[in-house]
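Chains, contacts and geometry: an overview
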Amino acid sequence: QFAGRGVKHCFLNLSLQAAVPLRDLVALDLLVSELGGLPEPKGEDHGLARVEAGEARCAALLAGGQVAAAAKLATELAEDAVRLGLQLPHARLMLMLARIHQAAGAALLAVPYALSCRALATQLHLSMLSTQAGLVLAEVALALSPQAVPRALKMLQTDLPFVL
């Protein structure tokens, strides 16, 4: 039964990752509900599964334009991730919070979250996550000042080898 639950959990997470960019709110809601309905794992996996399910819910809220609810949930999940010592989910949630602030029109507030994500991702050798945080920083630079184009391009060129 554990293996079946693990496979289903992976399938639902992959399906969520595919549905978020499509902004298919019906599918997102269904997948998040299904993920939340899986039996609770025992031991250390319990916290990780709860945080991952919350991340999925947060992405669904953000895709649905519910920025305030997404921000509240992401903040709570980030605190849980720190308390449980879950570094990768914490880094992903920092990136999520940066994107939430961008979506809310508060680009300047996205900077500390993107920098935190980038620092943690670099420490954990997660180049793609670090690159995503760098992209948010470049977008913020452009949003704050049109004269920041050369700086934003330099940030993007620094990260380009990791994308390719």
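Structure first, text after, so check above.
Bear in mind the structure is a predicted one, so any value in this text is a computation, not a measurement. (Residues numbered from 1 in each chain as written. Predicted model: local features only at pLDDT ≥ 70, side-chain atom pairs only at ≥ 80, totals over all residues. Heavy atoms only, no water.)

Some words on the overall build of the protein
A tally of helices and strands in the protein yields eight helices and zero strands. In sequence order, the secondary structure elements of the protein are arranged as α-α-α-α-α-α-α-α. Across the 164 residues in the protein, those meeting the buried criterion constitute 40%. Contacts in the protein between residues at least 24 apart in sequence constitute 55% of all its contacts with a sequence separation of at least 6. A total of about 9400 Å² of accessible surface is found on the protein, and carbon and sulfur atoms cover 64% of it. (Helix = DSSP H or I, 4+ residues; strand = E, 2+ residues; numbered from the N terminus. Buried < 20%, exposed > 50% of the residue type's maximum accessible area, 1.4 Å probe, protein only. Contact = heavy atoms within 4.5 Å. Areas by Shrake-Rupley, 256 points an atom, 1.4 Å probe, with all protein chains shown as cover.)

Let's talk about the nonpolar core
By size, the foremost hydrophobic cluster in this structure holds 31 residues, and its most contacted members are Cys58, Ala74, Leu93, Met96 and Ile100. Contributing elements (two or more residues each) for this core: α3 (44-63), α4 (67-84), α5 (87-103), α6 (107-123) and α7 (127-144). In terms of residue count, α5 provides more of this core than any other element does, eight residues in total. Once residues within four sequence positions are removed from consideration, Cys58 is found in contact with Ala70, Leu73, Ala74, Met96 and Ile100. (Core = buried A, V, L, I, M, F, W, Y, C linked by side-chain atoms within 4.5 Å.)

Concerning α4
One turn of the α-helix equals 3.6 residues, which is why residues spaced by three or four share an orientation. Relative to the 26 Å expected for 18 residues at 1.5 Å per residue, α4 spans 25 Å between its end C-alpha atoms, a close match to the ideal helical length. Within α4, burial applies to Ala70, Leu73, Ala74, Leu77, Ala78, Asp80 and Ala81. The buried residues of α4 all sit within an arc of 165° when viewed along its axis, so they share a single face. Residues of α4 that are exposed and angled more than 90 degrees away from the buried face: Ala68, Lys72, Glu79, Val82 and Arg83. Directly beyond the C-terminal end of α4, a positive phi value near 75° is found at Gly85. (Expected span 1.5 Å × (residues − 1). Arc of directions from axis to C-beta.)

With respect to the packing of α5 against α7
Contact geometry of α5 with α7 gives a least axis separation of 11 Å together with a crossing angle of 20°. Here α7 runs roughly parallel to α5, going by the angle between their axes. By crossing handedness, the relation of α5 to α7 is classed as left-handed. Residue-level inspection shows Leu88, Ala91, Arg92, Leu95, Ala98, Arg99 and Gln102 of α5 in contact with α7, the latter providing Leu129, Gln132, Ala133, Val136, Glu139 and Val140. Per-class residue counts for the contact of α5 with α7 are eight nonpolar, two polar and three charged. (Axes fitted to C-alpha atoms, helices over the stretch in contact; angles between N-to-C directions. Parallel < 35°, antiparallel > 145°, perpendicular 65-115°, else oblique. Left-handed = near helix turned anticlockwise from the far one by under 90°. Nonpolar A, V, L, I, M, F, W, Y, C, P; charged D, E, K, R; others polar.)

Details of unusual backbone geometry
One non-glycine residue, His125, lies in the positive phi region at around 60°. Here His125 lies in the loop between α6 and α7. His125 gets classed as exposed once you look at its relative accessible area, which sits at 70%.

These figures come from the coordinates and say nothing about function on their own.
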